[in-house]
Amino acid sequence: MTPVRDVRPGPAACATLDKAADENFPVAPFFLPRAWRDDLMAVYGFARLVDDIGDGDLAPGGADARHLGVAPAAADDRIVLLDAFRADLNRVFDGTPHHPLLKALQPTVRRCALTPEPFLGLIEANRQDQRVRRYETYEELLAYCELSANPVGRLVLAITGTTSPERVRRSDAICTALQIVEHLQDVKEDLGRDRIYLPAEDMSRFHVTQADLAAPRGSASVRALVAFEAERAGSLLNEGTPLVGSVHGRLKLLLAGFVAGGRAALDAVAAAGHDVLPGPPKPTKARLVREVGAVLRRARREG
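Residues numbered from 1 in each chain as written. Predicted model: local features only at pLDDT ≥ 70, side-chain atom pairs only at ≥ 80, totals over all residues. Heavy atoms only, no water.

A. Highlighting the side chain of Asp-129. In this structure, Asp-129 sits in helix α6 (residues 117-131). Sequence-distant contacts of Asp-129, that is, excluding residues within four places in its chain, are made with Tyr-135, Tyr-144, Arg-195 and Tyr-197. (Helix = DSSP H or I, 4+ residues; strand = E, 2+ residues; numbered from the N terminus. Contact = heavy atoms within 4.5 Å.)

B. Representation of the confidence of the model for the protein chain in the model. Across the protein chain, the average pLDDT comes to 92, with 91% of residues at or above 70. In the predicted structure, residues 1-8 sits below a pLDDT of 50 and forms 11 contacts with residues beyond four places in sequence or in another chain. (pLDDT = per-residue confidence, 0-100.)

C. Inspection of the state of the cysteines at higher detail. Enumeration over the complete set of coordinates arrives at 0 disulfides. Residue Cys-175 stays outside any disulfide, its sulfur separated by 9.8 Å from that of Cys-145, the closest cysteine. (Disulfide = S-S within 2.5 Å.)

D. Broad picture of empty space enclosed by the protein. Per the counting criterion, the structure on display carries 2 cavities of 30 Å³ or more. Put simply, the largest cavity is a space of about 50 Å³. Every residue along the wall of the largest cavity is listed here: His-183, Val-187, Asp-190, Leu-191, Arg-195, Ile-196, Tyr-197, Leu-198 and Leu-213. The element best represented in the lining of the largest cavity is helix α10 (residues 187-192), accounting for 3 residues. Classifying every residue of the lining of the largest cavity gives 6 nonpolar, 1 polar and 2 charged. For the second largest cavity, the calculated volume is near 40 Å³. What lines the second largest cavity is Leu-141, Ile-180, His-183, Leu-184, Tyr-197, Leu-198, Pro-199 and Glu-229. The dominant element in the lining of the second largest cavity, judged by the number of residues it contributes, is helix α9 (residues 165-185), at 3 residues. In terms of residue class, the lining of the second largest cavity is made up of 6 nonpolar, 1 polar and 1 charged. (1 Å grid on protein atoms, 1.4 Å probe; cavity = no way out; pocket = protein on both sides within 12 Å on 5 of 7 lines; lining within 4 Å. Points joined across faces, edges and corners; volume = space filled by probe spheres on them. Nonpolar A, V, L, I, M, F, W, Y, C, P; charged D, E, K, R; others polar.)

E. Structural context of the pattern of salt bridges. Under the definition given, this model contains 23 salt bridges. One salt bridge in this structure joins Arg-127 and Asp-83, with 2.4 Å as the shortest N-O distance. With a gap of 44 residues between them, Arg-127 in helix α6 and Asp-83 in helix α4 (residues 78-94) connect regions that are remote in the sequence. Asp-83 sits in the partly exposed class, given a relative accessible area of 31%. Notably, a salt bridge pairs Arg-169 with Glu-166, separated by 3.0 Å at the nearest N-O pair. You can see Arg-169 and its partner Glu-166 sitting in helix α9, 3 residues apart, about one turn around the helix. On the accessibility criterion, Glu-166 (39% relative accessible area) is partly exposed. Via salt bridges that share partners, Asp-83, Arg-86, Glu-124, Arg-127 and Arg-131 belong to a single interconnected network. (Salt bridge = Lys/Arg side-chain N within 4 Å of Asp/Glu carboxyl O. Buried < 20%, exposed > 50% of the residue type's maximum accessible area, 1.4 Å probe, protein only.)

F. Up close: α6. When the terminal C-alpha atoms of α6 are compared, their 21 Å separation across 15 residues agrees well with the 21 Å that a helix rising 1.5 Å per residue should span. In terms of burial, α6 is a largely internal element, 11 of the 15 residues being buried. Considering only its buried residues, α6 is in contact with α2 (34-55), α4, α5 (100-112), α7 (138-148) and α8 (150-159). (Expected span 1.5 Å × (residues − 1).)

G. Inspection of the packing of helix α15 (residues 249-271) against helix α16 (residues 285-302) at higher detail. Here α15 crosses α16 at 120 degrees, and the two axes come no closer than 8 Å. Here α15 lies oblique to α16, going by the angle between them. Once α15 is placed against α16, the crossing between them reads as right-handed. Between α15 and α16, the residues in contact are Lys-252, Leu-253, Ala-256, Gly-257, Val-259, Ala-260, Gly-261, Arg-263, Ala-264 and Asp-267 and Arg-287, Leu-288, Glu-291, Val-292, Val-295, Leu-296 and Arg-298, respectively. For the contact of α15 with α16, the class distribution of residues is 9 nonpolar, 2 polar and 6 charged. (Axes fitted to C-alpha atoms, helices over the stretch in contact; angles between N-to-C directions. Parallel < 35°, antiparallel > 145°, perpendicular 65-115°, else oblique. Left-handed = near helix turned anticlockwise from the far one by under 90°.)

H. Local environment of the nonpolar core. Judged by nonpolar contacts, the single largest core of 83 residues is most densely connected at Phe-46, Phe-85 and Leu-213. The biggest single contributor to this core is α15, with 10 residues. Discounting residues that sit within four places of it in the chain, Phe-46 has contacts with Phe-85, Leu-89, Leu-102, Leu-105, Phe-119, Leu-122 and Ile-123. (Core = buried A, V, L, I, M, F, W, Y, C linked by side-chain atoms within 4.5 Å.)

I. Broad picture of unusual backbone geometry. Backbone geometry at Ala-113 places phi at a positive 55 degrees, although glycine is not the residue there. Structurally, the position occupied by Ala-113 is in the loop between α5 and α6.

J. Spatial organisation of the packing of aromatic side chains. One pass over the full model with this rule turns up 8 aromatic pairs. Between Tyr-135 and Tyr-144, the ring centres sit 5.4 Å apart and the planes meet at 45 degrees, which makes this aromatic pair tilted. Judged by relative accessible area, Tyr-144 falls into the buried class, the value being 5%. One aromatic cluster is present, formed by Phe-46, Phe-85, Phe-93 and Phe-119 through successive ring pairs. Here Arg-205 stacks its cationic end above the ring of Phe-228, 4.7 Å away from the centre of that ring. Against the face of Tyr-138 rests Arg-232, its NZ or CZ located 3.8 Å from the ring centre. (Phe/Tyr/Trp six-rings, centres within 6.5 Å; stacked < 30°, edge-to-face > 60°. Lys NZ or Arg CZ within 6 Å of the ring centre and 35° of its normal.)

Following this line, the structure appears as structure tokens:
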């Protein structure tokens, strides 16, 4: 019997979970079994909160710092908060965590026999964000995505009991693609945080400078660079798409939604002429639905 959850997140935690509606893909759609939805939202809450700590986007009022036992004087120190969050994560596995979102995660960890490694990877990605502001090569960016994105897909496979080496490989390709797509949508926002996720070697190749990324609109060179990186992301999605055909039932639809979210976002970037500087191009729900259908049809053909 599945244990009854008695976790009632406070307003700050609820605000974190509410951000699921802004993602490019459905996080825990209604058609999934209730247990899966609960588990996926628990993992999303962890991933979203650690990103918010790393980006300095925590809800005002300091509730998250208090839950983590961080003194008010250090409540704005992201490394201190990440260290405290990692300590509270350890309590998920061997004690009683303090933060409401980690309390909500504990039943999922126990029921699905999840290991600490994917969660630690997400924390390390955000620690890396505090000290690495630029990536010289595409390979360096891929190594970052190994920490910042791929653990999420591995957790989805673990929650649904479908992990295998080949599925992990396909999942990694999809998750890395989704991370790159998000970086393309958020070039201006990331620059405001003094971060550039466009590889420096590619910027040099397309004659793009940091000043070009700060402009109100993208020059021809910036748009060409974005189109180049978008093509890379599309190739990764193609590499990962057979994952959809390797599973069945409602999980197939969920994974199709992940892939479709990436494709729809790339379509939105292309529809904007690859000019992402005025604001992040976002796909419409209608476009997302069409892409889900296309991904499922492709999965049937390849299956």
